[in-house]
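Inside the fold
Single-letter residue listing:
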Amino acid sequence: MSEKSETAVPITLTPEEQAVWDAKAKVRVLLNLWDLGGGKMKVKKGDLTKRIVRTNETSQRYLGVLGELQATGAIEYSLVNRVTLVELTAKGKEVLAQGLKSKDSLFEFDGSQIGTRLGNSLLKWIRHQDGAASVAVEKGKADVGTIASYDDFKAVALDVYDSLNRDYNLDDLVPIYRMRRAIGERVGRSEFNEWLLKMQAQDIFQLMSGEMPDITADKREDSITISGVGFRNYAKRLNA
């Protein structure tokens, strides 16, 4: 089911209805932007527009919403090689989290059906947040700020591995995607890959491929592919 199958709200609205529509649209825009860019990358404005505009709507209807998100610092625009890019800021992630979790939020899905992509985007957000929260299981062992060095990453990665392995009875085979999501935005994707490979080179972890019955595209993306070697989805701690 494509995003276009989602029911669009009628164009003619009262001021009160328009305010509710705008509030919901902001959350949808931010959620789709987060999904397209993985929460870190800039996205082509055209790609974002394709995701948010529903059946019987036009991109013009979103100009006010996008303008307000830009004005509040939730999104930022840039021009690269004549292509307009949109970036979700830290402020935007806060707004998105508030919009999805707050009891006072007006966000809900319209109609009786939702587009598959929007629903999957929401699932990815929930899983990401759930994974990021698990890093706090071992309280006091690591700084909750940005991970800026390999040594810091190694300490956090070992804590996360041990916590996941113990709490979920993973039998010493911890999915890499769960480690990545647990560490979350404290480290960039490229640094995570580089430093995890360094831990393997130092015989701290063995990165392995194995059967994962519930694997999805986003879990595969959050695992790791080693150049010249192949896909790896599990980490096993050595010399524990």
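Values in this document were obtained by computation on a predicted structure and should not be read as measured data. Numbering of residues begins from 1 in every chain and follows the order in which that chain's sequence is written. pLDDT decides what is reported in this predicted model: residues at 70 or higher carry local features, side-chain atom pairs at 80 or more are listed and counted, and totals for whole chains, interfaces and linings draw on all residues regardless. Computation of side-chain values covers all heavy atoms of the structure but excludes hydrogens and water.

For the rest of this paragraph, the subject is the packing of helix H1 (residues 15-37) against helix H2 (residues 45-52). Running from N to C, H1 and H2 point in directions that differ by 125°, and their axes come no closer than 10 Å. With respect to H2, the axis of H1 lies oblique. Handedness of the crossing formed by H1 with H2: right-handed. The residues of H2 that touch H1, namely those facing Arg 28, Val 29, Asn 32, Leu 33, Asp 35 and Leu 36, are Asp 47, Leu 48, Arg 51 and Ile 52. Lines are fitted to the C-alpha atoms to define the axes, a helix being fitted only along its stretch in contact, and any angle between axes, read from their N-to-C directions, falls within 0 to 180 degrees. What counts as a helix is a DSSP run of H or I of at least four residues, what counts as a strand is a run of E of at least two, and both are numbered from the N terminus. Small angles under 35 degrees read as roughly parallel and large ones over 145 as roughly antiparallel, with 65 to 115 read as roughly perpendicular and the rest as oblique. Handedness of a helix crossing follows the sense of rotation of the near helix relative to the far helix, less than a right angle counterclockwise being left-handed and clockwise being right-handed. Note on definitions: a residue-residue contact is assigned when non-hydrogen atoms from the two residues lie within 4.5 Å.

The next thing to look at is the confidence of the model for the chain. The predictor reports its confidence for every residue as pLDDT, a score running from 0 up to 100. Per-chain confidence: the chain averages 80 in pLDDT, with 75% of residues scoring 70 or above. When the criterion is pLDDT under 50, residues 1-5 qualifies, and its contacts beyond four places in sequence or with other chains add up to 18 contacts. Per-residue pLDDT stays below 50 along residues 130-143; that stretch engages in 20 contacts with residues further than four places along the chain or on separate chains.

With that out of the way, let us pick up the packing of H1 against helix H3 (residues 63-71). Following both chains from N to C, one finds H1 and H3 inclined at 70°, their axes separated by 10 Å at the closest point. The orientation of H1 relative to H3 falls into the category roughly perpendicular. Here H1 and H3 pass one another in a crossing that is right-handed. In this structure, H1 uses Trp 21, Asp 22, Ala 25, Lys 26, Val 29 and Leu 30 to contact H3, whose residues at the interface are Val 65, Leu 66, Glu 68 and Leu 69. The residue makeup of the contact of H1 with H3, split by class, is 7 nonpolar, no polar and 3 charged. In the scheme used here, Gly and all other residues not listed as nonpolar or charged are polar, with Ala, Val, Leu, Ile, Met, Phe, Trp, Tyr, Cys and Pro taken as nonpolar and Asp, Glu, Lys and Arg as charged.

With that settled, consider the pattern of salt bridges. Salt-bridge detection follows one rule: a side-chain nitrogen of Lys or Arg within 4 Å of a carboxyl oxygen of Asp or Glu. If you walk through the whole model with that rule in mind, you get 11 salt bridges. The salt bridge partner of Arg 181 is Asp 218, with a shortest N-O separation of 2.7 Å. Of this pair, Arg 181 sits in helix H7 (residues 176-183) while Asp 218 sits in helix H9 (residues 217-221), and the two are 37 residues apart along the sequence. Asp 218 carries the same exposure label as Arg 181, and that label is buried. One salt bridge connects Asp 222 with Arg 189, and the closest N-O pair in it is separated by 2.9 Å. Taken together, the residues span a long stretch of sequence, with Asp 222 in the loop between H9 and strand E6 (224-226) and Arg 189 in helix H8 (residues 189-201) at a distance of 33 residues. Only protein chains enter the accessibility calculation, which uses a 1.4 Å probe. A residue is then buried if its area is under 20% of the maximum for its type, exposed if over 50%, and partly exposed in between. Under the relative-accessibility criterion, Asp 222 is labelled buried at 12%. Residues participating in the shared-partner salt-bridge network are Arg 181, Arg 189, Asp 218 and Asp 222.

Centres within 6.5 Å make a pair out of two Phe, Tyr or Trp rings, where for Trp the six-membered ring is used; the pair is then stacked when the planes are under 30 degrees apart, edge-to-face when over 60, and tilted otherwise. Within the structure shown, the criterion is met by 4 aromatic pairs. Measuring from centroid to centroid gives 5.6 Å for Phe 153 and Trp 195, while their planes differ by 45°, and the two rings are tilted. In this pair, Phe 153 sits in helix H6 (residues 150-167) while Trp 195 sits in helix H8, placing the two residues 42 residues apart along the sequence. By relative accessible area, Phe 153 is classed as buried at 0%. Where Tyr 161 meets Phe 205, the ring centres are 5.2 Å apart and the plane angle is 40°; that geometry is what we call tilted. Of this pair, Tyr 161 sits in helix H6 while Phe 205 sits in strand E5 (residues 205-208), and the two are 44 residues apart along the sequence. The buried category is assigned to Phe 205, whose relative accessible area is 0%. Counting every residue linked through ring pairs, the aromatic cluster contains Phe 153, Phe 192 and Trp 195. One Lys or Arg, Arg 61, reaches over the ring of Trp 21 and ends 4.2 Å from the middle of that ring. Working rule: Lys NZ or Arg CZ, within 6 Å of ring centre, within 35 degrees of ring normal, means a charge sits over the ring.

In this structure, Phe 153, Met 179, Ile 183, Phe 192, Met 199, Phe 205 and Leu 207 are the most contacted members of the largest nonpolar core, which totals 26 residues. Mapped by element, the contributors of at least two residues to this core are H6, H7, H8, E5 and E6. In terms of residue count, the dominant contributor to this core is H6 (8 residues). The contacts of Leu 207, once residues within four sequence positions are left out, are Ile 176, Leu 196, Leu 197, Gln 200, Ile 224, Ile 226, Arg 232, Tyr 234 and Ala 235. By nonpolar core we mean a set of buried residues, namely Ala, Val, Leu, Ile, Met, Phe, Trp, Tyr and Cys, connected to one another through side-chain atoms within 4.5 Å. Core analysis: the next-biggest nonpolar cluster, separate from the first, contains 21 residues, Val 27, Leu 48, Val 65 and Leu 69 among them.

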